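What the coordinates show
What follows is the residue order along each chain.
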Amino acid sequence: MDNVLTFKRGRVPLLISMPHAGLRLTPAVESGLIDEAKSLPDTDWHIPRLYDFADELGASIVAAEYSRFVIDLNRPSDNKPLYAGATTGLYPETLFDGVPLFHQQPSDAERARYLEEIWVPYHRTIEQELARLRDEFGYALLWDAHSIRSHVPHLFEGRLPDFNLGTFNGASCDPELARRLESVCAGFGDYTHVLNGRFKGGHITRHFGDPAKHIHAVQLELAQSAYMEEFEPFNYREDLARPTQVVLKALLSELLAWARQHYPR
Ligand SMILES: [Zn+2]
């Protein structure tokens, strides 16, 4: 399989990962999806566009090209459930609303290939880039960038806060860093936020975040209502996105500022 990811090396010790931004399908997945799934409703829509300022910031970026309906890059390769209660797995079987995703699932052999040819390269890219950053700067920062509809009754009650920061209950980054990010969010009164609420960080955050080894990982699950139409055709809303990008920039700048203070050279 070709073009399974996009990677761009930056110049600051920050890697932004976009594991659910991909829109490509394999023939086996495409032909097996139910009609309702063909518009890829559970995509983290427009994440590369929303973070287009990251270039200017100098961050490295890795983004998935394949849809999470092919393989979910934010799940462990052994497919252990990430959350108690309703969740979706390495090879999702349902839409977020609980409806079965496939009328015909890809074969096990086909899926083993997705693991080898899509999941492994994505994770290897993160691992190698974090190692390079830590070698060069003495530390590395990982921002796992996500978004989701603000209402998904099957997955959570009520309306999600706008900014959902996840640090695996404090295990994936320095606690002081998490507090600083929370206070950045609190400074923007038009938005709501929570730390380690319904979304505590998925596999990428949990696996790569290792503060004792100077790798600090944070997941942001952003409510899609903060920058787009949450329903088909999932249009990007420049008017909503622009002020949200101001908050995102402030969060990533704070991440870098905290690290520069924490690791003086
Ligand atoms: Zn996501």
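This one's a predicted model, so the numbers in the text were calculated from it and none came from an experiment. (Residues numbered from 1 in each chain as written. Predicted model: local features only at pLDDT ≥ 70, side-chain atom pairs only at ≥ 80, totals over all residues. Heavy atoms only, no water.)

**Here we look at the coordination of the zinc ion**
Expected angles at a metal are 109.5 degrees for tetrahedral coordination by four donors and either 90 or 180 degrees for octahedral coordination by six donors. Test applied: Metal donors: N, O and S atoms at distances within 2.8 Å, or within 3.2 Å for Na, K and Ca, with water omitted from the atom set so that some sites may seem incomplete. Secondary structure elements are taken from DSSP: a helix is a run of H or I of four residues or more, a strand is a run of E of two residues or more, and numbering for both begins at the N terminus. Using a 1.4 Å probe on the protein chains alone, a residue whose accessible area is under 20% of its type maximum counts as buried, one over 50% counts as exposed, and one in between counts as partly exposed.
Only H20 (ND1), D44 (OD) and H146 (ND1) from the protein reach the zinc ion as donors, at distances of 2.1 Å. Read N to C, the donor residues that coordinate the zinc ion are spaced as H-x23-D-x101-H. Of this pair, D44 sits in the loop between α1 (27-32) and α2 (47-50) while H146 is found in strand β4 (residues 140-148), placing the two residues 102 residues apart along the sequence. There is no split in this pair, since D44 and H146 are both buried.

**Here we look at the side chain of Q219**
For clarity, the threshold we go by: Any N or O atom pair separated by 3.5 Å or less is treated as a polar contact, with the protein-specific requirement of one donor-capable and one acceptor-capable atom, and with residues adjacent in sequence counted only for side-chain atom pairs. Residues are treated as being in contact if the distance between any of their heavy atoms lies within 4.5 Å.
Counting through the fold element by element, Q219 comes out in strand β7 (residues 215-223). Of note is the side chain of Q219, whose polar atom sits 3.5 Å from the side chain of N74. Once you skip the residues sitting within four places of it in the chain, Q219 turns out to touch N74, D144, H146, N164, L165, G166, F199, G201, G202 and T205.

**Remarks on the sheet that holds β7**
What counts here: Strands are labelled as partners when DSSP assigns at least two bridges between them. Where helices are involved, their axes are fitted lines through C-alpha atoms of the stretch in contact, as for all axes, and angles between N-to-C directions lie from 0 to 180°.
The 7 strands are arranged β1-β3-β2-β4-β7-β5-β6 in an open sheet whose pairing can be described as mixed. Two strands close off the open sheet at either side, each with one partner strand: β1 (5-8) and β6 (193-195). Across the sheet, the axes of successive neighbouring strands diverge by a mean angle of 15°, strand direction being ignored. Inspection of the sheet shows β4 paired to β7 by 9 bridges, in the parallel sense. Paired with D144 across the two strands is Q219, which belongs to β7. Across the face of the sheet, helix α4 (residues 108-137) comes into contact with β1, β2 (14-18), β3 (60-64), β4 and β7 while running at roughly 170° to β2.

**Remarks on the packing of aromatic side chains**
As a reminder, the rule being used: Any two rings among Phe, Tyr and Trp, with Trp reduced to its six-membered ring, count as a pair given centres within 6.5 Å; such a pair is stacked if its planes are under 30 degrees apart, edge-to-face if over 60, and tilted if neither. Note on geometry: a ring has a charge over it if NZ (lysine) or CZ (arginine) is within 6 Å of the ring centre and within 35 degrees of the ring normal.
Within this structure, the stated rule accounts for 7 aromatic pairs. Taking 4.7 Å as the distance between ring centres and 15° as the angle between the ring planes, the aromatic pair formed by W45 and F234 counts as stacked. With a gap of 189 residues between them, W45 in the loop between α1 and α2 and F234 in the loop between β7 and α7 (238-262) connect regions that are remote in the sequence. Note on F234: relative accessible area 6%, which makes it buried. Of the aromatic side chains, those joined through ring pairs into one cluster are Y139, W258 and Y263. Here the basic side chain of R198 rests over the ring of F199, its NZ or CZ set 4.8 Å away from the ring centre.

**A word on empty space enclosed by the protein**
Rule in force here: The distinction between a cavity and a pocket rests on a 1 Å grid over the protein atoms alone: a 1.4 Å probe fits inside a cavity but cannot get out, while a pocket stays open yet meets protein on both sides within 12 Å along at least five of seven lines, and a residue with an atom within 4 Å of a point counts as lining. Grid points are joined across faces, edges and corners, and a volume is the space filled by probe spheres set on the points. Polar here means any residue outside two lists: the nonpolar Ala, Val, Leu, Ile, Met, Phe, Trp, Tyr, Cys and Pro, and the charged Asp, Glu, Lys and Arg; Gly therefore counts as polar.
Counting across every chain of the model gives 2 cavities of 30 Å³ or more. What the largest cavity holds in volume is close to 180 Å³. Counted by class, the lining of the largest cavity contains 6 nonpolar, 8 polar and 5 charged residues. One number sums up the size of the second largest cavity: a volume of about 30 Å³. If you trace the second largest cavity, you find it lined by P41, D42, T43, F96, I148, R149, V152 and Q224. Class assignment of the residues belonging to the lining of the second largest cavity gives a composition of 4 nonpolar, 2 polar and 2 charged.

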